[in-house]
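In case you want the letters, here they are:
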Amino acid sequence: MKIFYGAAIQGARDRAERAEVHKYLIELIKKEGYEVFGEHTTGNSREETAQLLEKSIGPLPPPGIDRTRYVRRKMIEAVEGDINAAVFEVSVPSTGTGIEIAHAYKRPEKGLPEIPLLALYQRDYWPSDLSSMVLGISEEELPHFELRFYNNLDEAGQYVMQFLRNLKR
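Residues numbered from 1 in each chain as written. Predicted model: local features only at pLDDT ≥ 70, side-chain atom pairs only at ≥ 80, totals over all residues. Heavy atoms only, no water.

Describe the pattern of salt bridges, listing the residues and the values that go with them.
For side chains of opposite charge, pairing can occur when their charged atoms come near one another. One pass over the full model with this rule turns up 11 salt bridges. In this structure, R18 engages E89 in a salt bridge whose closest nitrogen and oxygen atoms are separated by 3.0 Å. In this pair, R18 sits in helix α1 (residues 15-31) while E89 sits in strand β3 (residues 85-89), placing the two residues 71 residues apart along the sequence. Residue R18 is classed as buried on the basis of its relative accessible area, which comes to 2%. Accessibility expressed as a relative area gives 1% for E89, which makes it buried. (Salt bridge = Lys/Arg side-chain N within 4 Å of Asp/Glu carboxyl O. Helix = DSSP H or I, 4+ residues; strand = E, 2+ residues; numbered from the N terminus. Buried < 20%, exposed > 50% of the residue type's maximum accessible area, 1.4 Å probe, protein only.)

Describe helix α6 (residues 153-168), and please don't skip the residues or the numbers.
Between the first and last C-alpha of α6 there are 23 Å, a value that for 16 residues agrees with the 22 Å anticipated at 1.5 Å per step. All buried positions along α6 are accounted for by E155, A156, G157, V160, F163, L164 and L167. Contacts made by the buried residues of α6 are with β1 (2-7), α1, β3, β4 (117-122) and β5 (145-150). (Expected span 1.5 Å × (residues − 1). Contact = heavy atoms within 4.5 Å.)

Tell me about the environment of V79, and please be specific about residues and values.
In this fold, V79 is placed in helix α3 (residues 65-79). Taking the C-alpha atoms as reference points, V79 and E100, 21 residues apart in sequence, are found 6.6 Å from one another. Once residues within four sequence positions are removed from consideration, V79 is found in contact with F4, F88, E100, H103, A104 and R107.

Would you mind going over the layout of surface pockets in detail, with residue names and values included?
Leftover empty space is mapped by rolling, across the atoms, a probe with the size of a water molecule. Here the largest pocket defines a volume of roughly 790 Å³. Contributing to the lining of the largest pocket are 31 residues, with I9, Q10, L53, T68 and V71 lying nearest its centre. Only β1, α2 (46-57), α3 and α4 (95-105) provide two or more residues apiece to the lining of the largest pocket. Per-element tally for the lining of the largest pocket: the top contributor is α3, with seven residues. When its residues are assigned to classes, the lining of the largest pocket shows 13 nonpolar, 11 polar and seven charged. Of the volumes computed, that of the second largest pocket is approximately 350 Å³. (1 Å grid on protein atoms, 1.4 Å probe; cavity = no way out; pocket = protein on both sides within 12 Å on 5 of 7 lines; lining within 4 Å. Points joined across faces, edges and corners; volume = space filled by probe spheres on them. Nonpolar A, V, L, I, M, F, W, Y, C, P; charged D, E, K, R; others polar.)

Function cannot be inferred from these measures alone, as they are strictly geometric.
The following block contains the structure:
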């Protein structure tokens, strides 16, 4: 089974700090036997992120608009592709992650299977708090979407493990 992992990589106050969060969560998912798309989020620098991205989507065009468009297309293909669920770490605001979330929950509109979605937000991490576009998703609107607030990595890990256990049912 394959899990899409999405998170902000460009707007983080400290890319290395957030990379550690992503590494922890991705390793938990992999230990449970899942394949993960999104390991580029574990890059500590722009260069390392690009190298990790190339491992999952192939050679990148040179920096510039062609690369940007290529990466965007590949990320959308991944979230609309052969995945069984998606996990998003949404503590850092990200237009890109928001677009990935929308593509994930709108899969049925494209004739693709609905998948379970988990969004994790570290309490009080970002000064302006969580985006209303994510916070405003209701269970009635998207019953397959879970939003969980966590205080530390252990708590985030517990939410991920609970989500994965529910997938195996």
